[in-house]
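Examination of the molecular architecture
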Amino acid sequence: MGAGMGDDVAAILLTLAAENAELRQQLAAAQDLLMETAIDAGQMHARVEAIQAERDAWRAEAERLQIGSRRRA
């Protein structure tokens, strides 16, 4: 095995190490974004549930008032 071959292998390994480091950085950025998205989705889900509970309360109140007005009529 000549020196040229060893240099080629070293260059390939260096290139692979650099690509690996770049991919790790991209993965970390993607994981951060995914975490932020999950947090946002959780907050949005909680807000939707709160709005649905409020809607249900208004609906129940409307039904109660409608029944009350029928009894008075």
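Here the structure is shown first, and the text comes after it.
Now for a look at the structure at hand.

**Observations regarding the overall build of the protein**
For the protein, the helix and strand inventory stands at 1 helix and 0 strands. Whereas a compact globule of 73 residues would reach a radius of gyration of roughly 11 Å, the protein reaches 31 Å, over 25% beyond that. Counting across all 73 residues of the protein, residues that qualify as buried make up 1%. Of the accessible surface of the protein, which amounts to about 6,700 Å², a share of 62% is contributed by carbon and sulfur atoms. For the protein, the separation between the mean place of its 8 positive charges and that of its 12 negative charges on side chains is 30 Å.

**As for a nonpolar patch on the surface**
Taken together, M5, V9, I12, L13 and L16 make up a surface patch of nonpolar side chains, about 480 Å² in accessible area. For L16, the position within the fold is in helix α1 (residues 3–72). On the basis of relative accessibility, which here comes to 47%, the residue L16 falls in the partly exposed class.

**A short note on the pattern of salt bridges**
Across all of its chains, the model carries 2 salt bridges by this definition. Residues R55 and D56 are paired through a salt bridge, measuring 2.9 Å at the closest nitrogen-oxygen approach. Classification of D56 by relative accessible area gives partly exposed; the value is 37%.

**Some thoughts on the environment of A38**
With respect to the helices, strands and loops of the structure, A38 is situated in helix α1. Residues A38 and L23, 15 residues apart in the sequence, show an inter-C-alpha distance of 22 Å.

About the thresholds
- Per chain, residues are indexed from 1 in the order of the written sequence.
- Only residues with pLDDT of at least 70 are given local features in this predicted model, and only at 80 or more are side-chain atom pairs given and counted; all residues enter the totals for whole chains, interfaces and linings.
- To obtain the side-chain values, all non-hydrogen atoms of the structure were used and water was disregarded.
- Starting at the N terminus, helices and strands are each numbered in turn, a helix being any DSSP run of H or I of at least four residues and a strand any DSSP run of E of at least two.
- Between the two quantities, the radius of gyration covers C-alpha atoms and the globule rule is 2.2 Å times the number of residues to the power 0.38.
- Only protein chains enter the accessibility calculation, which uses a 1.4 Å probe; a residue is then buried when its area is under 20% of its type maximum, exposed when over 50%, and partly exposed in between.
- Shrake-Rupley sampling with a 1.4 Å probe provides the accessible areas, and residues are treated as covered by the protein chains on show and by no other component.
- For the charge count, each Lys or Arg is scored as positive and each Asp or Glu as negative, with His and the chain ends excluded.
- Taken as the charge location is NZ of Lys, CZ of Arg, CG of Asp or CD of Glu.
- For patch building, the residue pool is restricted to those with more than 30% relative accessible area and no salt bridge; the joining distance is 9 Å between like charges and 5 Å between nonpolar side chains (Val, Leu, Ile, Met, Phe, Trp, Tyr).
- Should a side-chain nitrogen of Lys or Arg be within 4 Å of a carboxyl oxygen of Asp or Glu, the pair is scored as a salt bridge.

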